[in-house]
Amino acid sequence: MDGFKIVLEIAPTLIALFFAIQIFRSSGALDLIVRFLTPMGKLLKIPKEVLPVIFAKLFSSSAATGFLLDIYKTSGPDSLAGFMSSVILSSTETCFYTLSVYYSVVGIKKIRYTLTGALLAVFVGTFISVFISYL
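Residues numbered from 1 in each chain as written. Predicted model: local features only at pLDDT ≥ 70, side-chain atom pairs only at ≥ 80, totals over all residues. Heavy atoms only, no water.

S.K.: Would you take a moment to explain the nonpolar core for this structure?
M.R.: The nonpolar side chains of soluble globular proteins are, as a tendency, buried together. One finds Ile 46, Val 50, Val 53, Met 84 and Ile 88 to be the most contacted residues of the largest nonpolar core, which totals 23 residues. Ignoring sequence-local partners within four residues, the contact set of Ile 46 consists of Gly 41, Leu 51, Ile 54, Met 84 and Val 130. (Core = buried A, V, L, I, M, F, W, Y, C linked by side-chain atoms within 4.5 Å. Buried < 20%, exposed > 50% of the residue type's maximum accessible area, 1.4 Å probe, protein only. Contact = heavy atoms within 4.5 Å.)

S.K.: Would you mind showing me how to read the side chain of Thr 92 here?
M.R.: Here Thr 92 shows up in the loop between α5 (80-91) and α6 (95-106). At 2.7 Å, the side chain of Thr 92 and the backbone oxygen of Ile 88 are in polar contact. Ignoring sequence-local partners within four residues, the contact set of Thr 92 consists of Lys 57, Val 122, Gly 125 and Thr 126. (Helix = DSSP H or I, 4+ residues; strand = E, 2+ residues; numbered from the N terminus. Polar contact = N/O pair within 3.5 Å; in protein donor to acceptor, adjacent residues only side chain to side chain.)

S.K.: Could you clarify how one ought to interpret the side chain of Ser 133 in this entry?
M.R.: Within the fold, Ser 133 resides in helix α7 (residues 114-134). A distance of 2.8 Å separates the side chain of Ser 133 from the backbone oxygen of Ser 129, its partner in a polar contact.

S.K.: Explanation requested: the packing of α6 against α7 in the structure shown.
M.R.: The description of two helices packed together rests on the angle between their axes and the distance between the axes. Contact pair α6 / α7: the axes reach a minimum separation of 10 Å and the direction vectors enclose 145 degrees. Of the two possible hands of crossing, α6 and α7 adopt the one that is right-handed. Taking contact as the criterion, the partners of Cys 95, Phe 96, Leu 99 and Tyr 103 in α6 are, on α7, Thr 114, Leu 115, Ala 118, Leu 119 and Val 122. Taken together, the residues of the contact of α6 with α7 break down into eight nonpolar, one polar and no charged. (Axes fitted to C-alpha atoms, helices over the stretch in contact; angles between N-to-C directions. Left-handed = near helix turned anticlockwise from the far one by under 90°. Nonpolar A, V, L, I, M, F, W, Y, C, P; charged D, E, K, R; others polar.)

S.K.: Which parts of the structure should I look at to understand the packing of helix α4 (residues 61-74) against α5?
M.R.: Running from N to C, α4 and α5 point in directions that differ by 160 degrees, and their axes come no closer than 9 Å. It follows that α4 is roughly antiparallel to α5 by the angle criterion. Our pair here, α4 against α5, has a crossing hand that is left-handed. Between α4 and α5, the contacting residues are Ala 64, Thr 65, Leu 68, Ile 71 and Tyr 72 on the first element and Ala 81, Gly 82, Ser 85, Ser 86 and Leu 89 on the second. In the contact of α4 with α5, the residues fall into six nonpolar, four polar and no charged. (Parallel < 35°, antiparallel > 145°, perpendicular 65-115°, else oblique.)

S.K.: Help me understand the environment of Val 124, please; the structure alone is not making it clear to me.
M.R.: By secondary structure assignment, the location of Val 124 is in helix α7. Residue Val 124 is classed as partly exposed on the basis of its relative accessible area of 45%. Between the C-alpha atom of Val 124 and that of Thr 92, which follows or precedes it by 32 residues, the distance is 8.8 Å.

S.K.: Sorry if this is basic, but what is going on with the packing of aromatic side chains here?
M.R.: For any pair of aromatic rings, geometry is given as the distance between the ring centres together with the angle between the planes. All chains considered together, the criterion is met by two aromatic pairs. Judged by centre distance (4.8 Å) and plane angle (15 degrees), the ring pair of Phe 59 and Phe 96 falls under stacked. One end of the pair, Phe 59, is in the loop between α3 (51-57) and α4; the other, Phe 96, is in helix α6, and 37 residues separate them in sequence. The class of Phe 59 is partly exposed, set by a relative accessible area of 26%. On the basis of relative accessibility, which here comes to 26%, the residue Phe 96 falls in the partly exposed class. Among the aromatic residues, those joined into a cluster by ring pairs are Phe 55, Phe 59 and Phe 96. (Phe/Tyr/Trp six-rings, centres within 6.5 Å; stacked < 30°, edge-to-face > 60°.)

Below you can see the structure in the form of structure tokens.
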């Protein structure tokens, strides 16, 4: 019974996250963010196709996997973009999803330094993944 209670507690958060990601993707806001991040991506030698994967992974692993599959279809899994996206997905975490789900179940309202630490870990994991992909 406890498991069902937990599912009922986190269901609204999960549903809201899924809808927010779909709205974000459908509205074209993701394309705008990718255009904004492209100069920094070029500086860090990150292919343009990989930027949506990095951004989506912060919120939803399934959305990032969808972008990864799109890269596989267009560029192939053995391409630099496909390989780099795979490494990034396996070495980063869905910060906002994890924080919202776990903290809502426990009832924590103030996340203090958790978000900063989680984002730092994701960015370090992303940069190391890019570096490893070029090796």
